[in-house]
Amino acid sequence: MATLVAFHAHPDDEVVLTGGTLAAAVAAGHRVVLVTATDGRMGTEDDDTRMNELQSSASILGVHRVECLGYADSGYGPIFYPDPPGRVRFARAEVEAAAQRLAAILRDEDAQLLLSYQTNGGYGHRDHVQVHRVGKRAAELAATPRVLEVTMPRELLVRVSNVCRLLRLPAPYDAETVRTAYAPQATITHRIDVRACARQKRDAFAAHRSQIGGGLGARLFGLVMLLPPRVFGLVFSHEWFVDPAAQPGPLRRNIFDG
């Protein structure tokens, strides 16, 4: 059995991008450690909501250990706000310092696999881009044997966005972002079937209730959470990764396949 460390930017990213994969790894007997760069707080507010939700989500997925590097959320969009008093936004963190903290966890766990992000951070979020930089350097420092970068097929996102516009529903990303988001399908090395973990992924999603928002998006979220696990599994059936050290070829079906 192996130990994998999943490194994410914010509480809730662990479910959206890797929830089924983490639950499946636990079910297979592997040790799973979850690390977030930020606690989800934008400022100095004394609010543990996001971290409590993260702990609930991790418990549902079966994660063995949860750690947070403690940086402030950098926010998404054109405005990059100053650091809050006494805190550093993750996108402004010194890469070497942050990587040393993550590397200490990798060494402590003798991790064989690190899940991190791609160079573009998926959809360009500054904290997600920083996860790539810090994760890559931490793996070097800790001599972690393998790194997989979380992704999604760009072509799938284009199709979903087109359907959303046709039905006048909120799309996951704007059209400009989708054109360069995540990875072309031909470059993806791992496609993981997570249907068997649909109930856990759905319930872990639901744990992050503070991120639902309001309006139509909230109503759609509520409807998705009501889907039976079998139906939820059909909608969110796979998760995808790129091995930056491998050549594209036949898709691997297990994250531990090199």
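Quick notes on the rules
- Residues numbered from 1 in each chain as written.
- Predicted model: local features only at pLDDT ≥ 70, side-chain atom pairs only at ≥ 80, totals over all residues.
- Heavy atoms only, no water.
- 1 Å grid on protein atoms, 1.4 Å probe; cavity = no way out; pocket = protein on both sides within 12 Å on 5 of 7 lines; lining within 4 Å.
- Points joined across faces, edges and corners; volume = space filled by probe spheres on them.
- Helix = DSSP H or I, 4+ residues; strand = E, 2+ residues; numbered from the N terminus.
- Nonpolar A, V, L, I, M, F, W, Y, C, P; charged D, E, K, R; others polar.
- Pairing = 2+ DSSP bridges.
- Axes fitted to C-alpha atoms, helices over the stretch in contact; angles between N-to-C directions.
- Contact = heavy atoms within 4.5 Å.
- Patch = residues over 30% accessible without salt bridge, like charges linked within 9 Å, V, L, I, M, F, W, Y side chains within 5 Å.
- Areas by Shrake-Rupley, 256 points an atom, 1.4 Å probe, with all protein chains shown as cover.
- Salt bridge = Lys/Arg side-chain N within 4 Å of Asp/Glu carboxyl O.
- Buried < 20%, exposed > 50% of the residue type's maximum accessible area, 1.4 Å probe, protein only.
- Phe/Tyr/Trp six-rings, centres within 6.5 Å; stacked < 30°, edge-to-face > 60°.
- Lys NZ or Arg CZ within 6 Å of the ring centre and 35° of its normal.

By the naming in an unreviewed UniProt entry, the protein goes by GlcNAc-PI de-N-acetylase and is assigned to Mycobacterium triplex.

Peer 1: When you look at the layout of surface pockets in this model, what are you seeing that I'm missing?
Peer 2: If a probe the size of a water molecule is rolled over the atoms, the empty space left behind becomes visible. Approximately 1,900 Å³ is the volume found for the largest pocket. Residue assignment for the lining of the largest pocket shows that the elements contributing at least two residues are helix H1 (13-27), helix H5 (154-167), helix H7 (198-207), helix H8 (215-225), helix H9 (229-235) and strand E7 (238-242). Tallied by class, the residues present in the lining of the largest pocket amount to 31 nonpolar, 11 polar and eight charged. Put simply, the second largest pocket is a space of about 180 Å³.

Peer 1: Where do I start with the sheet that holds strand E2 (residues 31-38) in this structure?
Peer 2: Sheet strands line up and pair through hydrogen bonds in the backbone, either parallel or antiparallel. In space, the seven strands of this open sheet follow the order E3-E2-E1-E4-E5-E7-E6, with mixed pairing throughout. Single-partner strands in this sheet number two, and they are strand E3 (65-71) and strand E6 (190-193). Neighbour to neighbour, the strand axes of the sheet diverge by 25 degrees on average, direction disregarded. Pairing geometry for strand E1 (residues 3-8) and E2, over six bridges, is parallel. Paired with alanine 6 across the bridge in E2 is leucine 34. Lying on the sheet, helix H4 (residues 126-142) is in contact with E1, E2, strand E4 (113-117) and strand E5 (146-151); it crosses E4 at an angle near 150 degrees.

Peer 1: When you look at a nonpolar patch on the surface in this model, what are you seeing that I'm missing?
Peer 2: Taken together, Val163, Leu166, Leu167 and Leu169 make up a surface patch of nonpolar side chains, about 390 Å² in accessible area. Within the secondary structure layout, leucine 169 lies in the loop between H5 and helix H6 (175-178).

Peer 1: Mind showing me how you'd approach the side chain of serine 57 here?
Peer 2: Position of serine 57 among the secondary structure elements: in helix H2 (residues 49-61). For serine 57, a relative accessible area of 0% corresponds to the buried category. With sequence-adjacent residues up to four places away left out, serine 57 is seen in contact with Glu14, Val15, Ala204, Ala207 and His208.

Peer 1: What's the story with the packing of aromatic side chains in this structure? I'm lost.
Peer 2: Any two aromatic rings considered together are summarised by their centre-to-centre distance and by the angle between their planes. Considering all chains together, one arrives at nine aromatic pairs under this definition. With centroids separated by 5.3 Å and ring planes inclined at 45 degrees, the aromatic side chains of tyrosine 71 and phenylalanine 90 adopt a geometry described as tilted. Of this pair, tyrosine 71 sits in strand E3 while phenylalanine 90 is found in the loop between E3 and helix H3 (95-109), placing the two residues 19 residues apart along the sequence. Note on accessibility: tyrosine 71 and phenylalanine 90 belong to one class, buried. Three or more aromatic residues link up through ring pairs in this structure, and these residues are Tyr76, Tyr123, Tyr173 and Tyr182. Stacked on the ring of phenylalanine 80, the Lys or Arg arginine 92 has its end atom at 3.8 Å from the ring centre. A cation over a ring is seen here: arginine 126 above phenylalanine 80, with NZ or CZ 4.6 Å from the ring centre.

Peer 1: When you look at empty space enclosed by the protein in this model, what are you seeing that I'm missing?
Peer 2: What the rule picks out here adds up to one cavity of 30 Å³ or more. Lining the largest cavity are Leu17, Tyr117, Gly121, Gly122, Tyr123, His128, Val150 and Tyr182. A class-by-class count of the residues in the lining of the largest cavity yields five nonpolar, three polar and no charged.

Peer 1: In this structure, what is going on with the pattern of salt bridges? I would like to understand it.
Peer 2: If the charged atoms of two oppositely charged side chains come close together, the side chains can form a pair. Tallied over the entire structure, the rule returns 14 salt bridges. Between glutamate 96 and arginine 137 there is a salt bridge; the shortest N-O distance is 3.0 Å. Taken together, the positions of glutamate 96 in helix H3 and arginine 137 in helix H4 put the pair 41 residues apart, joining distant regions of the chain. In this structure glutamate 96 comes out as partly exposed when scored by relative accessible area, which is 36%. Arginine 137 sits in the partly exposed class, given a relative accessible area of 27%. Here arginine 146 ties to aspartate 243 by a salt bridge, and the two come within 3.7 Å at their closest N and O atoms. Taken together, the positions of arginine 146 in strand E5 and aspartate 243 in the segment after E7 put the pair 97 residues apart, joining distant regions of the chain. For arginine 146, a relative accessible area of 19% corresponds to the buried category.

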